[in-house]
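Notes for the structure review
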Amino acid sequence: MLQNFKAISLSYKKAPLDIRELIALDESSCRIFLQTLKGFLQATDILVLSTCNRTEVYYNSDTDYSAEIVKLLGITKGIDNISRYFDYFTILNEHDDAVQHLFDVSMGLESQVVGDMQISNQVKVAYQWSADNETAGPFLHRLMHTIFFTNKRVVQETSFRDGAASTSYAAIELIEELTGEGAEPNILVVGVGEIGADVCRNLKDLGYKKVKITNRTLAKAKVLAEECALEVLPFEEIVQGMKEADVIISSVARETPFFTKEMVKRLNALTYKFFIDLAVPRSVEPEVESIPGVLVYNIDTIQNKASEALQRRISSIPKVKEIVAESIEQFNDWSKEMMVSPTIHRLKNALETIRQEEIARYVKKLGPKEAKLVDSITKSMMQKIIKLPVLQLKAACKRGEAETLIDLLNDLFSLENQPAESEQNPG
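Starting afresh in each chain, residues are numbered from 1 along the sequence in its written order. Since the coordinates come from a predicted model, pLDDT governs what is reported: local features require at least 70, and pairs of side-chain atoms require 80 or more to be given and counted, while whole-chain, interface and lining totals use all residues. Excluding hydrogens and water, the side-chain values take into account all heavy atoms of the structure.

**Observations concerning the overall build of the protein**
Labels follow the DSSP assignment, with helices taken as runs of H or I lasting at least four residues and strands as runs of E lasting at least two, numbered in each case from the N terminus. The secondary structure content of the protein amounts to 14 helices and 10 strands. Throughout, exposure labels follow a simple rule: accessible area from a 1.4 Å probe, protein chains only, divided by the maximum for the residue type, with under 20% read as buried, over 50% as exposed, and the rest as partly exposed. Among the 427 residues that make up the protein, the fraction classed as buried is 50%. For the accessible areas, the method is Shrake-Rupley and the probe is 1.4 Å, while residue cover comes only from the protein chains on display. Surface exposure of the protein reaches about 21,400 Å², of which carbon and sulfur atoms provide 51%.

Structure, rendered in structure tokens:
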């Protein structure tokens, strides 16, 4: 049976930030959504990926469930009439298109900052959720491990992941543009999740000293502060920290903005303050920018800032696509062979049944040595007999002509009556 991998994608290419943040899923929501999809869809190999740039569902089914997936997403997020957002989604119902898209997303070819290193880990986490929720079948397992191997090749053979051209680095380049070459700015980093931690590491690597980090969970902030040699600000002192800061970088994960207009207005700032909001949904209320002296930059306005490293990555794209194409070709060969695997098992079982029946007719007349010799000879004969049909089946797969051979073997050996998996363990 041929695979019918499909995908439905909402990304920065068609959906603005306010739509993406409305539909974005956190870890808990992703897990709930996976179980919902598992229960409602006649589909296998389900993967849910949600980042600041995209929310996507991949699945294996003969049926197009894109409309149903959007409706179930609305139920998970508590969004009434989510179908009005349907046009923001891209539907990939062709198997090859969906496979290609997942490869491209996983490599960082589809990222706003091309080659973004974070996406590889985000895809691994999404796959782990699928495995945990038992929505990953043999097809998805093989596909994901092929993708991980391809990513290693990209790292080893190209400059696509060189430098620090990530979203967090783009934010730091923005800081350099905003603050100029004067005195070093005071920076407050709020939230130490994956992207917040990446910001801190880049700040450390680039030599910034006047950096404080704060987080609701103090222990997490302390671990990161020790790693990056930065100062920790207790979360309850965040208002004082905001007053002292020139730049506030936020990656706070929550459904509603943490920094509101009223909150920032009470600071009575006498100097410019720059808010760089890396969270989706946004953690800084857009109206904050109406306060004199305050400028807000959200995730859409800070992308594509990593100049030199980004250019090296762009120049590596042809080589990356070549590697991806090689991996997809190898994966497709395996995928096609999945179609004939049950037939091969049934053929082996049919021949093994014949062998065992014939041995049983004569084994009582043989001594132990003769019986062992006959068993060895007949096994060798069976392996030689089956070798050519198996090679022909695999070759027919690559030509897309396997069905005719499968039908022929089924008729010759009545394979429908044989188990698909080898249940015998002779010798």
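We are not done yet, so read on.
**Let's talk about the packing of aromatic side chains**
A pair of aromatic rings is counted whenever rings of Phe, Tyr or Trp (Trp by its six-membered ring) have centres within 6.5 Å, and the orientation is called stacked for planes under 30 degrees apart, edge-to-face for over 60 and tilted otherwise. Under the criterion given, the structure shown has 12 aromatic pairs. Ring pairs connect the aromatic residues F5, Y58, F139, F331 and W334, which therefore count as one cluster. Counting as a charge over the ring demands two things of the Lys NZ or Arg CZ atom: a distance within 6 Å of the ring centre and an angle within 35 degrees of the ring normal. Stacked on the ring of F148, the Lys or Arg K124 has its end atom at 5.6 Å from the ring centre.

**Focus: a nonpolar patch on the surface**
Note that patches include only residues with greater than 30% relative accessible area and no salt bridge, and the join distances are 9 Å for like charges and 5 Å for nonpolar side chains (Val, Leu, Ile, Met, Phe, Trp, Tyr). Here, a salt bridge means any Lys or Arg side-chain nitrogen found within 4 Å of an Asp or Glu carboxyl oxygen. Together, L373, I377, M381 and I385 line one region of the surface with nonpolar side chains, adding up to about 400 Å² of accessible area. Structurally, the position occupied by M381 is in helix α13 (residues 368-399). Exposure remark for M381: the relative accessible area of 46% places this residue in the partly exposed category.

**Overview of the sheet that holds strand β4 (residues 90-92)**
In short, DSSP must find at least two bridges between two strands for them to pair. In spatial order, the strands read β2-β3-β1-β4; together these 4 strands make up an open sheet with antiparallel pairing. Looking at the sheet topology across the chains shown, the edges are occupied by β2 (44-50) and β4. When the angles between neighbouring strand axes are averaged without regard to direction, this sheet yields 10 degrees. Sheet topology note: the strand β1 (residues 5-11)/β4 ladder contains 3 bridges and is antiparallel. Paired with A7 across the two strands is L92, which belongs to β4. Here, residues are in contact when the closest pair of their heavy atoms is within 4.5 Å. Axis definition: a line fit to C-alpha positions, over the contact stretch in the case of helices; interaxial angles, taken between N-to-C directions, run 0 to 180 degrees. Helix-sheet contacts for helix α4 (residues 95-107) involve β1, β2, β3 (54-60) and β4, and the interaxial angle to β3 is about 135 degrees.

**Digging into the packing of helix α2 (residues 27-40) against helix α5 (residues 118-132)**
The interhelical angle for the contact between α2 and α5, taken along N-to-C directions, is 45 degrees, at an axis separation of 10 Å. With respect to α5, the axis of α2 lies oblique. Classified by chirality, the crossing of α5 by α2 is right-handed. On the side of α2, the interface is formed by E27, C30, R31 and L34, while α5 contributes W129, S130 and D132. By residue class, the composition of the contact of α2 with α5 is 3 nonpolar, 1 polar and 3 charged. Our angle categories are set so that under 35 degrees counts as roughly parallel, over 145 as roughly antiparallel, 65 to 115 as roughly perpendicular, and the remainder as oblique. Take the far helix as the reference: if the near one is turned anticlockwise from it by less than a right angle, the crossing is left-handed, and if turned clockwise, right-handed. Here the nonpolar group is Ala, Val, Leu, Ile, Met, Phe, Trp, Tyr, Cys and Pro; Asp, Glu, Lys and Arg are the charged ones; every other residue, Gly included, is treated as polar.

**A look at the confidence of the model for the protein**
For every residue, the predictor states its confidence as a pLDDT score lying anywhere from 0 to 100. Of the residues in the protein, 87% have a pLDDT of 70 or more, and the chain-wide mean is 86. Taken as a whole, residues 422-427 scores under 50 in pLDDT and shows 12 contacts with residues more than four places along the chain or in a different chain.

**Details of the nonpolar core**
By convention a nonpolar core is built from buried Ala, Val, Leu, Ile, Met, Phe, Trp, Tyr and Cys residues, the set being connected through side-chain atoms within 4.5 Å. Counting 36 residues, the largest nonpolar core has F5, L47, L102, L143, M144 and I147 as the members making the most contacts within it. Taken together, the elements giving at least two residues each to this core come down to β1, β2, α4, α5, α6 (138-157) and α12 (307-362). If you tally residues by element for this core, the top one is α12, at 8 residues. If you look at the next biggest cluster of nonpolar residues, it comprises 26 residues, including F33, L41, Y65 and F89.

**Some details on the sheet that holds strand β10 (residues 294-297)**
Picture the strands of a sheet paired through backbone hydrogen bonds; they go either parallel or antiparallel. Pairing within the open sheet is parallel, and its 6 strands lie in the order β7-β6-β5-β8-β9-β10. The outermost strands of the open sheet, each flanked by one partner alone, are β7 (231-232) and β10. Where helix α7 (residues 167-179) meets the sheet, it contacts β5 (187-190), β8 (247-250), β9 (273-277) and β10, and its direction lies at approximately 165 degrees from that of β9. This element, helix α8 (residues 194-205), spans β5, β6 (211-214) and β8 of the sheet and lies at about 155 degrees to β5.

**Structural notes on the pattern of salt bridges**
Between side chains of opposite charge, pairing is possible as soon as their charged atoms come close. Going through the model one piece at a time under the given rule, you end up with 18 salt bridges. Of the charged contacts, one joins R54 and E56 as a salt bridge, the two residues approaching to 2.9 Å between their closest N and O atoms. Among the ionic pairs, K212 bridges to E244, the shortest N-O distance being 3.0 Å. Note that K212 is positioned in strand β6 and E244 in helix α10 (residues 238-244), a separation of 32 residues in sequence. Residue classification places K212 among the partly exposed positions, given a relative accessible area of 22%. With a relative accessible area of 39%, E244 lands in the partly exposed category.

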